[in-house]
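# Architecture and fold: a report
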Amino acid sequence: ISAGYFHACLIDIFAKLWCWGGNYGALGTGDTLNRLTPTQIALDNPVVEVSTGEVATCIIDSLAKLWCWGRNNYGRLGTGGSTDPYQPVLTPTEVSIENGAVQISIGYEYH
């Protein structure tokens, strides 16, 4: 489990990701509606690690691919460029990592 400022996420025993709480795009549900109960996040591969920040989430999947979503001000998601913080990335977006990712930890504003 990883607890962010407004939301939390966990990986279940089947390597599925579930998130809940305040949603500024950080839940990865494709919208900004708050979720009061855990909601499964649509991902193609099993999840091996999750990290939540203030208003963003990143995961590493079983293929060592890094995926992030949520507010992208300051370029915090690593997806290339900064976006308007009030227009968050609403679904998991792959972050290009040449050799794959093995660990992720995101913080308050800058990852």
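Below is a summary of the structure that appears in this document.

Rules behind the numbers
- Residues numbered from 1 in each chain as written.
- Predicted model: local features only at pLDDT ≥ 70, side-chain atom pairs only at ≥ 80, totals over all residues.
- Heavy atoms only, no water.
- Helix = DSSP H or I, 4+ residues; strand = E, 2+ residues; numbered from the N terminus.
- Buried < 20%, exposed > 50% of the residue type's maximum accessible area, 1.4 Å probe, protein only.
- Contact = heavy atoms within 4.5 Å.
- Patch = residues over 30% accessible without salt bridge, like charges linked within 9 Å, V, L, I, M, F, W, Y side chains within 5 Å.
- Areas by Shrake-Rupley, 256 points an atom, 1.4 Å probe, with all protein chains shown as cover.
- Salt bridge = Lys/Arg side-chain N within 4 Å of Asp/Glu carboxyl O.
- Pairing = 2+ DSSP bridges.

### What to know about the environment of Thr52
Tracing the sequence through the fold places Thr52 in strand S5 (residues 47-52). Classification of Thr52 by relative accessible area gives buried; the value is 6%. As a C-alpha pair, Thr52 and Ala26 span 26 residues in sequence and 8.1 Å in three-dimensional space. Setting aside chain neighbours within four positions, we find Thr52 in contact with Ser2, Ala3, Gly4, His7, Cys9, Thr57 and Ile106.

### Focus on a nonpolar patch on the surface
A cluster of nonpolar side chains, contributed by Tyr5, Phe6, Tyr24 and Tyr108, occupies part of the molecular surface with about 450 Å² of accessible area. Structurally, the position occupied by Tyr24 is in the loop between strand S3 (17-21) and strand S4 (35-40). You can call Tyr24 partly exposed: its relative accessible area is 36%.

### Details of the sheet that holds strand S2 (residues 7-11)
What the 4 strands build is an open sheet, ordered S1-S2-S3-S4; its pairing is antiparallel. Pairing within the sheet leaves two strands with one partner each, and these edge strands are strand S1 (2-3) and S4. Here S1 pairs with S2 via 2 bridges, running antiparallel. Within S2, the position partnered with Ala3 by the bridge is Ala8.

### Details of the pattern of salt bridges
Considering all chains together, one arrives at 2 salt bridges under this definition. Between Asp31 and Arg35 there is a salt bridge; the shortest N-O distance is 3.0 Å. For Asp31, a relative accessible area of 22% puts it in the partly exposed group. A salt bridge links Arg76 to Glu54; the nearest nitrogen and oxygen atoms lie 3.6 Å apart. With Arg76 in the loop between strand S7 (66-70) and strand S8 (89-95) and Glu54 in the loop between S5 and strand S6 (56-61), the pair connects residues that are 22 residues apart, well separated along the chain. Pair check on accessibility: Arg76 and Glu54 agree, each one buried.

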